[in-house]
Amino acid sequence: MLVSIVIPFYNEEESIVKTHEALNHEFVKESDINFEYVFVNDGSRDRTLDLMKEIVARDPKVKFVSFSRNFGKEAAILAGFEHATGELVVLMDGDLQHPPSVVRQMIQGYLEGYDIISAKRTRDGESRQQTFFAKAFYRVANNLMDIRLVDGVSDFRAFSRRAVDAIISLREYNRFSKGIFSWIGFKEKTIEYQNQLRQAGTTKFNFKSSMNYAIQGITSFNDRPLRLCVNVGLGCLALAALYVIWQFFAYILHPEDAVSGYFTTIFAVVLFGGIQLISIGVLGEYIGKIYYEVKQRPHYIIEQTNIKSDQEK
Ligand code: UDP
Ligand code: MG
């Protein structure tokens, strides 16, 4: 049995060697399972690629793919899946936050017949602000999307061959892995593990990129936000109609008070202006997505790799 470990790396010079050692340390005892590691360098600007090549020279189990620039974690995950050949493919982060010891339980889950085995972390040791935003995201996302996302289940998962093939078959440019993993279906098992704090380097996601991730996640999975705009618009229209009727009767009954209200005018302008701007923004979000999809660009460009292409084989 061959198990592929797929890891995206972006500016992980402080962790890549340790990650590789931790994997080998964990799997050295396994005798009846073969491992291959697929390391994807997502256009790192530090020494990650050099260190990766040193590892490749030492360890024949390691395949590497290096992008010509930073294409983002989603593209790196796709590249890893496309180059993995194992019958089970494990996706994990390259910053030691995903303990390799969980992989054994994942393999166990696969042997029990599950197609997706997800690791769910506790939120121990995380800043309160991070927890708050993450929880808020899951609440909003689960209300707005047709798929279910579980808090604490990140991209640390194992997939059977058919699940990987299903994931690769989704060719959309705007990829939102958490949604894709849920969308493909299949029997899923969840394993709990203790939250690990990042041991070296810094997170590659800041508030801005997390916001982008959240918007991307919600809009790339369905058109419910569009419907929401329409509903809010209809609600406002109904309110405005009631207001006009009320004003009309107020005028009929007390024509002497008919000094038109400055406040209500301003209020209406601001309210409707705001709603319209939000709605246009949501529309723009989707049009932007369509724009990228119709271009049909590749998800990533490979600059270097030690994997032979199909023609070379
Ligand atoms: N990563 C990547 N490309 C990016 C950003 C991140 O390949 O543009 C990788 C990163 O090297 C790490 C994983 O994705 O292996 C998760 O990133 P990070 O630990 O910064 O995210 P967090 O754990 O803070 O959510
Ligand atoms: Mg991390």
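Below is a short write-up of the structure. (Residues numbered from 1 in each chain as written. Chains lettered and ligands numbered in written order. Predicted model: local features only at pLDDT ≥ 70, side-chain atom pairs only at ≥ 80, totals over all residues. Heavy atoms only, no water.)

So, about the overall build of the chain. What the chain contains, in helices and strands, is 10 helices and 8 strands. For 313 residues, the compact-globule estimate of 2.2 N^0.38 gives 20 Å, and the C-alpha radius of gyration of the chain, at 25 Å, exceeds that figure by more than 25%. Across its three principal axes, the chain shows a C-alpha extent of roughly 95 × 40 × 35 Å. Buried positions account for 43% of the 313 residues belonging to the chain. Carbon and sulfur atoms form 59% of the exposed surface of the chain, whose accessible area is close to 17,400 Å². Mean positive and mean negative side-chain charge positions of the chain (36 and 37 charges, respectively) differ by 0 Å. (Helix = DSSP H or I, 4+ residues; strand = E, 2+ residues; numbered from the N terminus. Rg over C-alpha atoms; globule rule 2.2 N^0.38 Å. Buried < 20%, exposed > 50% of the residue type's maximum accessible area, 1.4 Å probe, protein only. Areas by Shrake-Rupley, 256 points an atom, 1.4 Å probe, with all protein chains shown as cover. Lys, Arg positive; Asp, Glu negative; His and termini not counted. Charge placed at Lys NZ, Arg CZ, Asp CG, Glu CD.)

On to the coordination of the magnesium ion (ligand 2). The coordination sphere of the magnesium ion (ligand 2) contains the protein donors D95 (OD) and Q97 (OE1), at a distance range of 1.7 to 2.0 Å. Under the relative-accessibility criterion, D95 is labelled buried at 4%. (Donors = N, O, S within 2.8 Å, 3.2 Å for Na, K, Ca; no water.)

Between its terminal C-alpha atoms helix α8 (residues 207-219) stretches 18 Å, which fits the 18 Å expected from 13 residues at 1.5 Å a residue. Within α8 the residues assigned to the buried category are A214, G217, I218 and T219. (Expected span 1.5 Å × (residues − 1).)

Our focus in this paragraph is the sheet that holds strand β3 (residues 62-67). Ordered by their spatial adjacency, 8 strands build an open sheet running β7-β5-β6-β4-β1-β2-β3-β8, and the pairing between neighbours is mixed. Across the chains shown, the open sheet's two edge strands, defined by having one partner strand only, are β7 (188-193) and β8 (302-305). Strand-to-strand twist in this sheet, taken as the mean axis angle between neighbours without regard to direction, amounts to 20 degrees. Judged from the 4 bridges that link them, strand β5 (residues 116-121) and strand β6 (residues 153-160) form a sheet pairing that is antiparallel. Looking at the pairing, I117 lines up with A158 of β6. (Pairing = 2+ DSSP bridges. Axes fitted to C-alpha atoms, helices over the stretch in contact; angles between N-to-C directions.)

Surveying the vicinity of ligand 1 reveals 16 residues, the closest of which are E12, D42, D95, T203 and K204. For ligand 1, the protein covers 86% of the area, taking 530 Å² as the surface of the free molecule. Split into classes, the residues belonging to the shell around ligand 1 amount to 4 nonpolar, 5 polar and 7 charged. (Near = heavy atom within 4 Å. Nonpolar A, V, L, I, M, F, W, Y, C, P; charged D, E, K, R; others polar.)

On to a nonpolar patch on the surface, then. Side chains of L239, L242, I245, F248, F249, Y251, I252 and L253 sit close together on the surface and give an oily, nonpolar patch of about 890 Å² of accessible area. Along the polypeptide, L239 turns up in helix α9 (residues 224-253). Take L239: its relative accessible area is 57%, and that puts it in the exposed class. (Patch = residues over 30% accessible without salt bridge, like charges linked within 9 Å, V, L, I, M, F, W, Y side chains within 5 Å. Salt bridge = Lys/Arg side-chain N within 4 Å of Asp/Glu carboxyl O.)

Going through the model one piece at a time under the given rule, you end up with 15 aromatic pairs. An angle of 90 degrees between the planes, with centres 5.5 Å apart, marks the rings of F67 and F71 as edge-to-face. Residue classification places F67 among the buried residues on the basis of a relative accessible area of 2%. A centroid spacing of 5.9 Å and a plane angle of 50 degrees characterise the contact between Y243 and W246, whose relative ring orientation is tilted. With Y243 and W246 both in helix α9 and 3 residues apart, the pair spans about one turn of that helix. (Phe/Tyr/Trp six-rings, centres within 6.5 Å; stacked < 30°, edge-to-face > 60°.)

Moving on: the pattern of salt bridges. Counted according to the given criterion, the structure contains 11 salt bridges. Notably, a salt bridge pairs D155 with K73, separated by 3.1 Å at the nearest N-O pair. On the criterion of sequence distance, the pair formed by D155 in strand β6 and K73 in helix α3 (residues 73-83) is long-range, its members being 82 residues apart. On the accessibility criterion, D155 (6% relative accessible area) is buried. The salt bridge involving E112 is made with K189; its shortest N-O contact spans 2.9 Å. Of the two residues, E112 sits in the loop between α4 (101-111) and β5 while K189 sits in strand β7, which places them 77 residues apart along the sequence. Take E112: its relative accessible area is 45%, and that puts it in the partly exposed class.

This next bit is on the packing of α3 against helix α6 (residues 161-169). Running from N to C, α3 and α6 point in directions that differ by 130 degrees, and their axes come no closer than 10 Å. It follows that α3 is oblique to α6 by the angle criterion. As α3 runs across α6, the sense of the crossing is left-handed. Residue-level inspection shows L78, F81 and E82 of α3 in contact with α6, the latter providing V164, I167 and I168. Split by residue class, the contact of α3 with α6 holds 5 nonpolar, no polar and 1 charged. (Parallel < 35°, antiparallel > 145°, perpendicular 65-115°, else oblique. Left-handed = near helix turned anticlockwise from the far one by under 90°. Contact = heavy atoms within 4.5 Å.)

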